[in-house]
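Residue-level structural notes
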Amino acid sequence: MPNWSNDSQRLYYASDHQGYTALYEYDLNSKQTKEIGRIATMPSGLALSPDDKSIAYTMAFGPRSGIVSIMDIESGLSTKVGKNLPFSSSSPSWTSDGGALWVSILQPYSKLYREGIARIIEIDINTGKIENIPAPENTSYGARTNDNPTLSKDGKELLFISQGLLWIQSIDHNLPIGSPKQITYDLSDSPSWSNDTEHILYLSGDQLKLYDRKNNSTKDLYIKIHSRRKWEDNTTLITGGTIIDVVNKRKITNKNILIRKNRIVRIIDKNDSPIKAEKVINAEGKYILPGLIDIHAHQGSDLGTSLGYKWLSWGVTTTRDPATYPYDAVNRKEAQINGNLIHPRIFFTGSPIDGNRVYYNGTYAQQSKEQITRELKRAIALDYDLIKTYVRLPDSLQSYVLDFAHQHGIPMSSHELYPAAHYGVDGVEHIMGTSRRGYSPKMSETYRSYQDVVDIISYSEMSFTPTIGIYSGYNYMLAKYPELLNDARIQSLENEFNKSVSSAGIDQVNADLEKWTEMFNRQAALISKIHANGGLIVAGTDSPIIPYGFGLFVELLCYQEGGLSPFSTLQTATINSAKAMGIDEHLGSIEEGKLADLLILNQDPTKDVKFLKSIEHTILDGQEISIPILN
């Protein structure tokens, strides 16, 4: 979130547009942008100090680790404040004297379970000492994202989100006094003060609103933004090649594919009358496959522009984010649609709808049916592609959410198998996964399952996203095929941390091969049984637990290794996922009228899905994406 200087003449923000992440200053008078200093990764949020001399910023490294740092604007040097935080945190807010920072952070209810609520801590910028800020019992402060608790410039008031509404708390000597006052009755998010504290800007659904404290009134703010992708009426002809028909499990040889704008308009025999096109791609001797879909991958702007290349280089042209901060997702989706971001298509939901105890940052603690209703209204306003419930939502509310979703034509997914299947939930995530019930997991901790799991998934017609890679498959496949890590895409696009984690995973498997083999075989057998019983298997990774793009390639290797044929395996990441998402009229197969998301391979993936490595061309929305590592 950008920050204004005290005189409102300069704007401070983070960006990775130069190929690395840095903090920048934009001067509104000179119209000049200046790089202040580089940082490790995109921050969760930043805040300008009261004297305009430094910027505090927070960075999240997964849900279990966060760092608070301060950058000196004149020198560009950063200093970490205290020790690493045990959890990711919200954006920071300065105390009025500039001596401390406030952030919200997870406070688990007990040592036995990881879930809890978001509470405020104060961090002394000189000593790193942390103090807990007192709060009413069971009050959860926002979702630890841009709806962070924010102190006024004079330090006398605190602005915060709780139960999806906006509140003000009086502060005296950095301590809350009295009871907080609720000031909005509509869905509220991402609040910020005016310098004189007389106005508060906030988001409500898809609307920007300004609250006037003197008049106790709210008005809508309208900003005209016109950014639409202009499609040129150009044509691309792919000549020759063998089309992989994933719907009918067949190969169609010697075809030409004509693309106009971003759609496949004709598929004809190679020897038919020639067609003129602005661009011709020779696919003689090659194989043409619909772009791959990763139906379960978490993402965000903090991952930077390199993320798109990681996915596209492995043939992933569509992604679905099953839990994210919704406003960030809308921003990324619009940027991709408008052609401003090189990235696969983005389908998304917002925060998982859960109970009052939550774990991941970006998740709102839901305390009532009224709050959940407000959250569902956000889903409509921001045009969610999915609604996901998590593991601590009471059954009556899960049924309520499902009815709402289906009334609005939105599919719903859950971690739990039962009673979710009884209610009519559309999909179930993970072969194991978190559950609050003793009887609901698909597989036990000893990697055993019952036939009723197979039957419930198959007969309910739920889609099933195994994500076997995060449990056993990724490490096991790399131990079996260690040469995969030598791929140029891994060496070029993955950071050293991911490479070292992958190598450590291989060592774990080799240290206890019998255990890992049993674990993988039992998990893979369950997937194979569900497939054989007519269940709809769809491919997802739960990245970034395993690498983006490459993780889906390994996930598909797992399915083939577990007994699915190469054709059936390819279906899980193409037509099956498109059906589960309700977009099979447009994506998932190569047919006239469908969107032109295509891969051209040098080797036949219907013989071995390992040949998915042989991508030569990636076409997204009818446009060939130039990926240096593939060229």
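As a reminder, the structure under discussion sits directly above these lines.
The structure contained in this document is the topic of the report that follows.

What counts as what
In this numbering scheme, every chain counts its residues from 1 along its sequence in written order. The model is predicted, so local features are restricted to residues of pLDDT at least 70 and side-chain atom pairs to those at 80 or more, both for listing and for counting; the totals for chains, interfaces and linings are taken over all residues. The basis for the side-chain values is all heavy atoms of the structure; hydrogens and waters are excluded. Secondary structure elements follow DSSP: runs of H or I no shorter than four residues count as helices, runs of E no shorter than two count as strands, and numbering proceeds from the N terminus. Atoms counted for the radius of gyration: C-alpha only. Globule rule: 2.2 Å times the number of residues to the power 0.38. Exposure is judged per residue with a 1.4 Å probe applied to protein chains only, and the accessible area is read against the type maximum: over 50% gives exposed, under 20% gives buried, and values in between give partly exposed. In this analysis, two residues are considered to be in contact whenever any of their non-hydrogen atoms come within 4.5 Å of each other. The protein chains shown are the only cover counted for residues, whose accessible areas, like all others here, come from Shrake-Rupley with a 1.4 Å probe. Only four residue types enter the charge count, namely Lys and Arg as positive and Asp and Glu as negative; His and the chain termini do not. Charge positions come from single atoms, namely NZ of Lys, CZ of Arg, CG of Asp or CD of Glu. We call a set of buried Ala, Val, Leu, Ile, Met, Phe, Trp, Tyr and Cys residues a nonpolar core when their side-chain atoms join them within 4.5 Å. Note on aromatic pairs: the rings of Phe, Tyr and Trp (six-membered ring only in Trp) are paired at centre separations within 6.5 Å, and the planes decide the class, stacked below 30 degrees, edge-to-face beyond 60, tilted for the rest. Only Lys NZ and Arg CZ are tested; either one counts as a charge over a ring when it is within 6 Å of the ring centre and within 35 degrees of the ring normal. Paired strands, in this sense, are two strands between which DSSP finds at least two bridges. Seen with its strands pointing away from the viewer, a crossover is right-handed when the path leading from the first strand over the helix to the second is clockwise.

Looking only at helices and strands, the protein chain features 13 helices and 38 strands. Taken over the C-alpha trace, the protein chain has a radius of gyration of 25 Å; the compact-globule value for 631 residues is 25 Å, and the two agree within 12%. Principal axes of the C-alpha set define a box for the protein chain whose edges measure 80 × 60 × 50 Å. Considering the protein chain as a whole, with its 631 residues, one finds that 57% of them fall into the buried category. Long-range contacts, defined as pairs at least 24 residues apart, comprise 58% of the intrachain contacts of the protein chain with a sequence gap of at least 6. Accessible surface for the protein chain amounts to roughly 26,900 Å². Of this, 48% is attributable to carbon and sulfur atoms. Here the protein chain carries 63 positive and 73 negative side-chain charges, and the mean point of each set is 2 Å from the other.

The subject of this paragraph is the environment of Thr 21. Here Thr 21 shows up in the loop between β2 (10-15) and β3 (22-27). The class of Thr 21 is buried, set by a relative accessible area of 11%. Measuring from C-alpha to C-alpha, the distance between Thr 21 and Leu 303 comes to 9.8 Å, with 282 residues separating the pair along the chain. Not counting the four nearest positions on each side in its chain, Thr 21 is found in contact with Ser 15, Asp 16, Arg 38, Ile 39, Thr 41 and Met 42.

Right, let's talk about the nonpolar core for a bit. Core analysis: the largest hydrophobic core is formed by 89 residues, its most contacted members being Leu 289, Leu 292, Ile 387, Phe 550, Tyr 559 and Leu 612. Considering each element in turn, this core owes the most residues, 8 residues, to helix α11 (residues 550-561). Discounting residues that sit within four places of it in the chain, Leu 612 has contacts with Leu 289, Leu 292, Phe 553, Leu 556, Leu 570, Leu 601 and Pro 605. Listed in part, the 15 residues of the second largest apolar core include Ala 47, Phe 87, Val 103 and Tyr 359.

All right, on to the packing of aromatic side chains then. Counted under the stated rule, the structure contains 12 aromatic pairs. With a centroid separation of 5.1 Å and 35 degrees between ring planes, the pair formed by Trp 314 and Phe 553 is classed as tilted. You can see Trp 314 sitting in the loop between α1 (306-313) and β29 (316-321) and its partner Phe 553 sitting in helix α11, a full 239 residues away along the chain. The pair formed by Trp 314 and Phe 553 is uniform in burial state, with each residue classed as buried. Geometrically, the ring pair formed by Phe 550 and Phe 553 is stacked, given 6.1 Å between the ring centres and 20 degrees between the ring planes. Here Phe 550 and its partner Phe 553 are both found in helix α11, 3 residues apart, which amounts to about one turn of the helix. The burial state of Phe 550 is the same as that of Phe 553; both residues are buried. The ring of Tyr 109 carries Arg 357 above its face, with NZ or CZ at 4.5 Å from the centroid.

Time to look at the pairing of β29. A large share of β29 lies buried, amounting to 6 of its 6 residues. Two strands pair when backbone bridges link them, and strand β28 (residues 292-294) and β29 are joined in this way by 3 bridges, in the parallel orientation. Along β29, the bridge assignment pairs Ile 293 with Thr 318. Handedness of the crossover joining β28 and β29 through α1: right-handed. Of the strand pairs in this sheet, β29 and strand β30 (residues 345-348) are connected by 4 bridges, and their pairing is parallel. In the sheet register, Thr 318 faces β30, and the bridge partner there is Arg 345. Between β29 and its parallel partner β30, the chain crosses via helix α2 (residues 326-337), and the hand of that crossover is right-handed.

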